[in-house]
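For reference, the chains in residue letters:
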Amino acid sequence: MHHTILKKQEVSMLRTEIEMLMVERQSLLNTVGAAARFVVCLDSRKLPKEACETARVLSKSLNQLNEDTLQDALEKVKA
């Protein structure tokens, strides 16, 4: 009986952790989607040099994402 209670507690804890991770993923998808839209709208000719370098780093990071993840992010912000 004690073993069953422990297993139920473990399952409950894992379920809670997975739910927290899914909420975090949704938040990250929103952030990535917004960042991707932002980069697309940038005109590098009009940005200060420091901002161009930051935009390049952001763009490179976005390009390194898995295609499905980036698509999910863009869909999240309806881009």
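The rules behind these values
- Residues numbered from 1 in each chain as written.
- Predicted model: local features only at pLDDT ≥ 70, side-chain atom pairs only at ≥ 80, totals over all residues.
- Heavy atoms only, no water.
- Helix = DSSP H or I, 4+ residues; strand = E, 2+ residues; numbered from the N terminus.
- Rg over C-alpha atoms; globule rule 2.2 N^0.38 Å.
- Lys, Arg positive; Asp, Glu negative; His and termini not counted.
- Charge placed at Lys NZ, Arg CZ, Asp CG, Glu CD.
- Polar contact = N/O pair within 3.5 Å; in protein donor to acceptor, adjacent residues only side chain to side chain.

Description of the overall build of the protein
Within the protein one finds three helices and zero strands. Reading the protein from its N terminus to its C terminus gives the helix and strand order α-α-α. Taking 79 residues into account, the globule formula puts the C-alpha radius of gyration at 12 Å, and the protein, at 19 Å, lies well above it. Dimensions along the principal axes, computed over C-alpha positions, put the protein at roughly 70 × 25 × 15 Å. Here the protein carries 12 positive and 11 negative side-chain charges, and the mean point of each set is 3 Å from the other.

What to know about helix H3 (residues 67-76)
Capping the start of H3 is the job of one residue whose side-chain oxygen sits 2.7 Å from the backbone nitrogen of Asp 68: Asn 66. A positive backbone phi angle near 50° is found at Lys 78, which sits one or two residues after H3.

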